[in-house]
Amino acid sequence: MQSSPPTPQSTDGFHEPRREDCPWCGSTSLRTRLRAPGTLRYGSGTFVVDECRDCAHAFQNPRLTAEGLAFHHRDFYEGTVEGTADFAERIPAARTRRRHHRAAARAVLTLPDPESREPESWLDVGTGHAHFPETARELFPYTAFDGLDPTERVERARAAGHVEEAHLGHLTTPEVLARLSSRYDVVSMFHHLEHTPDPRAELRAALTALRPGGHLLVEVPDPHSAFAVLLGKWWLPGGGPRHLHLLPLDNLRAELEAQGCAVVATDRRAAHLPYDLSTALSLALAHLLPKRWLRVTTPLVAAATVLDHALAPLLRRTRFSNAYRVIARKDTGPGA
């Protein structure tokens, strides 16, 4: 199979030049994984996801620029495109999100070191409205939770009392990282790493924010999920403009170990979120139908949501699980 053919540049000025090598391992052996239309009426054009034949890393190519990523991020979460704020809030539904966040926080309670089960400080990166810290403090009432996010949602989260400190910006920005260096016992990233331009740099920054012996908790979509193959361009993490990278578990584990961490737990079952069928249907309908007709499709999407939840207990035990969780401990040695 030949390498991915050159892709025409978007006319919106939001894309970088197409790259001919893998951003993870540097291999030039690439293939086109999928071509997806701009979703949720974000705009015209096609988003291409290439995959490395050597390391299986998948990435958007050509990639959005920082300006383009900020534009789509703002549209999705702030609702500057009609209807997208409601869509964002439904992925996942509030009750499901709360259960998922409690389960993720509870994973820290199972760490082998008893002292690690009572962190004094916790930074949630990409926190948004800080739904995770709000839920996790129920299990960790004596932990100081801070939030970091590139949008003003984190300021609103602080005003609502969900976090103690709100940090506006990106973790890899030198002035932000200087403030956060070695401050935290736990750093969490829930479905954040796949949106960053350089996941390796993001991991390094997260480890810099940790104290020696601290723990990094990461959840990301699983590019090897059977749903990724079955749904293709309609699988939410696979083709959306905001997803810049899809990291296989083996690659993330190897990178964390290369950066001096010990991986203490991995979990595909608990990380699964029941949204694949309903979001695929929503994305397809939003692309195929005029906006004025979308309201009449609500019962179809609701039925798909019920099916997602009904199948979740079974699917999370199979290759249809759509995400994975990794907990890694930062080295306590002198080089940490």
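Each remark here, short or long, concerns the structure printed above.
In this text, all values refer to a predicted model and were calculated from it rather than measured experimentally.

Chemist: Would you take a moment to explain the packing of helix H11 (residues 276-288) against helix H12 (residues 298-315) for this structure?
Modeler: To characterise two packed helices, one gives the angle between the axes of the helices and the distance between these axes. As a packed pair, H11 and H12 sit with axes 7 Å apart at the nearest point and diverge in direction by 155°. Taken together, the axes of H11 and H12 lie roughly antiparallel to each other. Residue-level contacts link Asp276, Leu277, Ser278, Leu281, Ser282 and Leu285 of H11 to Leu300, Val301, Ala304, Thr305, Leu307, Asp308 and Leu311 of H12. Of the residues contributing to the contact of H11 with H12, the split by class is eight nonpolar, three polar and two charged.

Chemist: How should I be thinking about helix H7 (residues 199-209) in this particular structure?
Modeler: Helical geometry note: an α-helix holds 3.6 residues per turn, so side chains three or four residues apart project in the same direction. Of all eleven residues in H7, eight are buried; the element is thus mostly enclosed. Those residues of H7 that fall on the buried side of the exposure criterion are Pro199, Ala201, Glu202, Leu203, Ala205, Ala206, Leu207 and Ala209. The N-capping residue of H7, defined by a side-chain oxygen 3.2 Å from the backbone nitrogen of Arg200, is Asp198.

Chemist: Where do I start with the nonpolar core in this structure?
Modeler: What tends to happen in soluble globular proteins is that the nonpolar side chains get buried as a cluster. Leu123, Leu171, Val187, Leu193, Leu216, Leu252 and Leu256 are the most contacted members of the largest nonpolar core, which totals 34 residues. The set of elements that each furnish at least two residues to this core consists of strand S4 (121-125), helix H6 (174-180), strand S7 (184-190), H7, strand S8 (210-221), helix H10 (249-258) and strand S11 (323-330). When residues in this core are grouped by element, the largest group, five residues, is from H7. Setting aside residues up to four positions removed in sequence, Leu193 forms contacts with Pro199, Glu202, Leu203, Val218, Val220, Leu247 and Leu252. Of all hydrophobic cores here, the second largest spans 17 residues; its members include Leu34, Ala36, Leu246 and Leu273.

About the thresholds
Residues numbered from 1 in each chain as written. Predicted model: local features only at pLDDT ≥ 70, side-chain atom pairs only at ≥ 80, totals over all residues. Heavy atoms only, no water. Axes fitted to C-alpha atoms, helices over the stretch in contact; angles between N-to-C directions. Helix = DSSP H or I, 4+ residues; strand = E, 2+ residues; numbered from the N terminus. Parallel < 35°, antiparallel > 145°, perpendicular 65-115°, else oblique. Contact = heavy atoms within 4.5 Å. Nonpolar A, V, L, I, M, F, W, Y, C, P; charged D, E, K, R; others polar. Buried < 20%, exposed > 50% of the residue type's maximum accessible area, 1.4 Å probe, protein only. Polar contact = N/O pair within 3.5 Å; in protein donor to acceptor, adjacent residues only side chain to side chain. Core = buried A, V, L, I, M, F, W, Y, C linked by side-chain atoms within 4.5 Å.

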